[in-house]
There are 2 protein chains.
Amino acid sequence: MKLLVVGSVAFDAIETPFGKTDKILGGAATYITLASSVLKVESGIVSIVGGDFPQSDLDMLTNRGVNIEGIEIVKDGKTFFWSGKYHNDLNSRDTLVTEVNVLEHFDPKIPESMQDAEILLLGNLHPGVQLSVLEKMNNRPKLVILDTMNFWMDSAMDILLQMIAKTDVISINDEEARQLSGEYSLVKAAKKIHELGPKFVIIKKGEHGALLFHDGKIFAIPALPLEDVFDPTGAGDTFAGGFAAYLAKKENFSFETMKSALIVGSAMASFTVEKFGTEKLQEVTEAEIIARIKNFKDLTTFEVEV
Amino acid sequence: MKLLVVGSVAFDAIETPFGKTDKILGGAATYITLASSVLKVESGIVSIVGGDFPQSDLDMLTNRGVNIEGIEIVKDGKTFFWSGKYHNDLNSRDTLVTEVNVLEHFDPKIPESMQDAEILLLGNLHPGVQLSVLEKMNNRPKLVILDTMNFWMDSAMDILLQMIAKTDVISINDEEARQLSGEYSLVKAAKKIHELGPKFVIIKKGEHGALLFHDGKIFAIPALPLEDVFDPTGAGDTFAGGFAAYLAKKENFSFETMKSALIVGSAMASFTVEKFGTEKLQEVTEAEIIARIKNFKDLTTFEVEV
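Since the structure is predicted, the reported quantities are computational estimates derived from the model, not experimental observations.

Colleague: Hey, could you run me through the UniProt feature "domain: Carbohydrate kinase PfkB" (unreviewed entry) in chain A in this one?
Modeller: UniProt records the feature "domain: Carbohydrate kinase PfkB" (unreviewed entry) at residues 3–279 of chain A, using the numbering of this structure. Overall, residues 3–279 of chain A shows 36% helix and 27% strand. The separation of its end C-alpha atoms is 22 Å.

If you want it as structure tokens, here you go:
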């Protein structure tokens, strides 16, 4: 199946306790499609960049099989730029700079070559933009996956709720799930979010793993305990990308397949955090992913005979 | 195998968003042995109570097969009393009252009938008291399990380190593991704690589950997502009790058995939080535990074919 990804393609400048980078390649759509390319899934990006965006990065994406026809280039514009500094525990960070630039007037255009995508992954953007993408598809994709964040709950809840109503799978973190539902218990929160539309609710808990809720069933995975996290940037997007790509590869949206997809997403994200930006994700092989999935299996498998 | 438990037998007065109690039965050793009695494991308590402690509670323990010969009764003393109020999220609480009472001069006495216990579980107490118990055993038990907390790291680190050096399995929470090791990464923290003595390190993460580290291997379990937590008091002790009792029942201390024991402890703890104090733990059946272990299996089992 084809995967269409709408989201930022950007520059990041990152500082962690282990070092810092100049402007490097970033953006949700970048991480998502790089993750899907590891699984050799056909994907395409709808996004916007400035004239300052390097042709070499576009070529890299193309060479990995990512369809970039939907990336609009504004010659006299500047690419979205984010700069942040992580605290010592790497669980929190300060944003130093956010330059929205060309993303401010982003009017997504879906190339004809991606109109037949069966899975649409809407990366974290203004929910009005996300909604417009869905409206521009000739046919509703078979599966709509939505990533969003608390910022839009604070600033654009009405339109976010319209977007959520048209979503099959929503992916948010635990605090966002609590904010969206008004419930502290994540089980109750997921129930309320189901009522807003999504049949599948993914609640991400960072270093504590993730939960998947569907039809009264729950699946829980820990995060792979890592000796060192080098740079957490892009981990959530890589997770979403690995998740969506696995579904595309299996051409199946059952709960059982989604459980596996959650593991694949987590395995991929565990690589992303090992180096700065997309560096590790660009070099990781399918064999390494498979080995890490086996680590997950070892980490969680047990037998009890009382 | 016989399980010897050293820890508080106490009164608690608890307030949660769902209600409050008068003085009810509490204490680490109480929860631990009640948990072990569900698995019909022979256990005994070494502790101290005042003349105000009800005979009916002692009889209840005896009727459940708990050896109470090691509970010293100070006729003119008062039983340890703790009172606390949980916040709305039930993840944090304020201590309202702590009356140490007879526990202040607790000099543990091990009854002859428990000298042959193969597993010793040292509940959270002053590490000097924990150490004295080990010295009073005629033979070193085959397995020493230690529960402790940040309070002793702040106030009695030297003697705590002596105690940890004689421990086989240590059970602490994530913040305590970080404090004890000076490492933020839990993988690194566990490595340093191994070097202090314990071959097995359990790191508890509350609503996020638990990790078990041994010989370079890691096992992770989520907590069972619950719709409602009614009263978290005693959850950690119940977990430790279920864990130790399973090992006693299996007469085996392998990593594989410890993994299963972690699940059993978590399953038991998930019952404790459903009612006030020990109420639910006193009525839960082995069949209910088995059913909940199956819930854990469903919650965590997956297959991935990339």
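Colleague: Can you help me understand the relation of the copies chain B and chain A in this one?
Modeller: One copy of the chain maps onto the other through a rotation about an axis plus a displacement along that axis. Between chain B and chain A, which share one sequence, the superposing operator has a rotation angle of 180° and an axial displacement of 0.0 Å; the RMSD is 0.0 Å. Within this description, the copies of the chain are treated as partners about a two-fold rotation axis. The fraction of interface residues of chain B whose copies in chain A are also interface residues reaches 100%, indicating that both copies meet through the same surface.

Colleague: What exactly am I supposed to notice about the environment of A:Ser155 here?
Modeller: Residue and element names in this part refer to chain A. Within the secondary structure, Ser 155 is located in helix α4 (residues 150–155). Each C-alpha atom, one on Ser 155 and one on Ala 248, is 32 Å from the other, the two residues being 93 residues apart in sequence. A polar contact is formed between the side chain of Ser 155 and the backbone oxygen of Phe 151, at a distance of 2.8 Å.

Colleague: Mind showing me how you'd approach the packing of helix α6 (residues 174–181) of chain B against helix α7 (residues 186–196) of chain B here?
Modeller: Helices that pack against each other are described as a pair by the angle of their axes relative to one another and the distance between those axes. All names here are of chain B. Taken N-terminus to C-terminus, the directions of α6 and α7 make an angle of 60°; their axes are 9 Å apart at the nearest point. Between α6 and α7, the angle falls in the class oblique. Along this stretch, α6 crosses α7, giving a crossing that reads as left-handed. Contact residues: α6 offers Asp 174, Ala 177, Arg 178, Leu 180 and Ser 181, while α7 offers Leu 186, Ala 189, Lys 192, Ile 193 and Leu 196. Here the contact of α6 with α7 is composed, by residue class, of six nonpolar, one polar and three charged.

Colleague: Hey, could you run me through the side chain of B:Thr79 in this one?
Modeller: Residue and element names in this part refer to chain B. Relative to the helices and strands, Thr 79 is located in the loop between β6 (66–74) and β7 (81–86). A residue is classified by how much of its surface remains accessible, and Thr 79, at 1% relative accessible area, is buried. Non-local contacts of Thr 79, meaning those with residues more than four positions away in its chain, are made with Val 9, Ala 10, Phe 11, Val 49, Gly 50, Asp 52, Phe 53, Glu 99, Asn 101 and Val 102.

Colleague: Help me understand the pairing of strand β11 (residues 169–173) of chain A in this model?
Modeller: Each regular strand carries side chains that alternate between the two faces of the sheet. Residue and element names in this part refer to chain A. Extensive coverage of β11 is indicated by the burial of four of its five residues. The sheet contact formed by β11 and strand β12 (residues 200–204) spans five bridges and is parallel. Note on β12: the bridge partner recorded for Ser 171 is Ile 202.

Colleague: Would you mind going over the packing of aromatic side chains with me for this structure?
Modeller: For any two aromatic rings, the description comes down to two numbers: the centre-to-centre distance and the angle of the planes. One pass over the full model with this rule turns up ten aromatic pairs over all chains. With a centroid separation of 4.8 Å and 80° between ring planes, the pair formed by B:Phe151 and B:Trp152 is classed as edge-to-face. Taken together, the ring pairs connect A:Phe18, A:Phe230 and A:Phe276 into an aromatic cluster. The positively charged end of A:Arg292 is found above the aromatic ring belonging to A:Phe271, 3.8 Å away from the centroid. Stacked on the ring of B:Phe302, the Lys or Arg A:Lys297 has its end atom at 4.7 Å from the ring centre.

Colleague: Explain the interface of chain B and chain A to me, please; I cannot follow it from the model alone.
Modeller: Many structure descriptions define interface size as the accessible area lost when the parts assemble. Opposite the 43 residues of chain B that make contact, chain A presents 43 residues. Summing both sides of the interface, chain B and chain A together bury roughly 3,800 Å²; the carbon and sulfur share of this comes to 58%. On the chain B side of the interface with chain A, the three residues burying the most area are B:Glu227, B:Phe302 and B:Val306, jointly 20% of the side's total. At the junction of chain B and chain A, the tally comes to eight salt bridges. A salt bridge links A:Lys188 to B:Asp228, with the shortest nitrogen-to-oxygen separation between them at 3.0 Å. If you look at where chain B meets chain A, you find 26 residue pairs in polar contact (both at pLDDT 80 or more). Of the residues forming the side of chain B that touches chain A, the biggest block, eight residues, is contributed by helix α11 (residues 286–300) of chain B. Across the side of chain B that touches chain A, the residue classes tally to 20 nonpolar, six polar and 17 charged.

Colleague: In this structure, what is going on with the packing of helix α3 (residues 127–136) of chain A against helix α5 (residues 157–165) of chain A? I would like to understand it.
Modeller: Residue and element names in this part refer to chain A. α5 packs onto α3 with a crossing angle of 35° between their chain directions and a minimal axis gap of 8 Å. The handedness of the crossing between α3 and α5 is left-handed. Across the interface between the two elements, Pro 127, Gly 128, Gln 130, Leu 131 and Leu 134 from α3 touch Ile 159, Leu 160, Gln 162 and Met 163 from α5. For the contact of α3 with α5, a count of residues per class yields six nonpolar, three polar and no charged.

Colleague: Looking at this structure, how should I read the pattern of salt bridges?
Modeller: When the charged atoms of two side chains with opposite charge come close together, those side chains can pair. All told, the structure shown has 48 salt bridges over all chains when counted by the stated rule. One salt bridge in this structure joins B:Lys20 and B:Glu15, with 3.9 Å as the shortest N-O distance. The exposure class assigned to B:Lys20 is exposed, which follows from its relative accessible area of 61%. Notably, a salt bridge pairs B:Asp107 with B:Lys136, separated by 2.7 Å at the nearest N-O pair. In this pair, B:Asp107 is assigned in the loop between β8 (93–99) and β9 (119–122) and B:Lys136 in helix α3 (residues 127–136), connecting sequence segments 29 residues apart. Residues participating in the shared-partner salt-bridge network are A:Glu274, A:Lys275, A:Lys280, A:Glu283 and A:Arg292.

Colleague: Can you help me understand the environment of A:Glu112 in this one?
Modeller: All names here are of chain A. When you line up the elements, Glu 112 lands in the loop between β8 (93–99) and β9 (119–122). The exposure class of Glu 112 is exposed, given its relative accessible area of 62%. Residues Glu 112 and Leu 186 lie 74 residues apart in sequence; the distance between their C-alpha atoms is 40 Å.

Colleague: So what exactly am I meant to see when it comes to the sheet that holds strand β14 (residues 217–221) of chain A here?
Modeller: Sheets are built from strands paired through backbone hydrogen bonds, the pairs being either parallel or antiparallel. All names here are of chain A. If you trace the nine strands from one edge of the open sheet to the other, you get β6-β5-β1-β9-β10-β11-β12-β13-β14, paired in mixed fashion. Here the strands that pair on one side only, and so sit at the sheet edges, are β6 (66–74) and β14. Taking each pair of neighbouring strands and ignoring which way they run, the sheet shows an average axis angle of 15°. With three bridges joining them, strand β10 (residues 143–147) and β11 adopt parallel strand pairing. Residue Leu 146 lies in a different strand from β11, and its bridge partner there is Ile 170. Sheet strands in contact with helix α1 (residues 28–38) are β1 (3–6), β5 (43–50), β6 and β9, and its direction is about 150° off that of β5.

Colleague: Hey, could you run me through unusual backbone geometry in this one?
Modeller: Negative phi values dominate among residues other than glycine, just as trans dominates among peptide bonds. If you check the backbone angles, A:Asp215 has positive phi at about 55° while not being a glycine. Its place among the elements puts A:Asp215 in the loop between β13 (210–214) and β14. In this structure A:Asp215 comes out as exposed when scored by relative accessible area, which is 60%. Of note, B:Glu251 is a non-glycine position whose phi angle comes to about 50°, a positive value.

Definitions and cut-offs
Residues numbered from 1 in each chain as written. Chains lettered and ligands numbered in written order. Predicted model: local features only at pLDDT ≥ 70, side-chain atom pairs only at ≥ 80, totals over all residues. Heavy atoms only, no water. UniProt positions renumbered as here; feature names shortened; annotations may be inferred. Helix = DSSP H or I, 4+ residues; strand = E, 2+ residues; numbered from the N terminus. Least-squares fit on C-alpha atoms with pLDDT ≥ 70 in both. Contact = heavy atoms within 4.5 Å. Polar contact = N/O pair within 3.5 Å; in protein donor to acceptor, adjacent residues only side chain to side chain. Axes fitted to C-alpha atoms, helices over the stretch in contact; angles between N-to-C directions. Parallel < 35°, antiparallel > 145°, perpendicular 65-115°, else oblique. Left-handed = near helix turned anticlockwise from the far one by under 90°. Nonpolar A, V, L, I, M, F, W, Y, C, P; charged D, E, K, R; others polar. Buried < 20%, exposed > 50% of the residue type's maximum accessible area, 1.4 Å probe, protein only. Pairing = 2+ DSSP bridges. Phe/Tyr/Trp six-rings, centres within 6.5 Å; stacked < 30°, edge-to-face > 60°. Lys NZ or Arg CZ within 6 Å of the ring centre and 35° of its normal. Buried area = accessible area lost by both parts, 1.4 Å probe. Salt bridge = Lys/Arg side-chain N within 4 Å of Asp/Glu carboxyl O.

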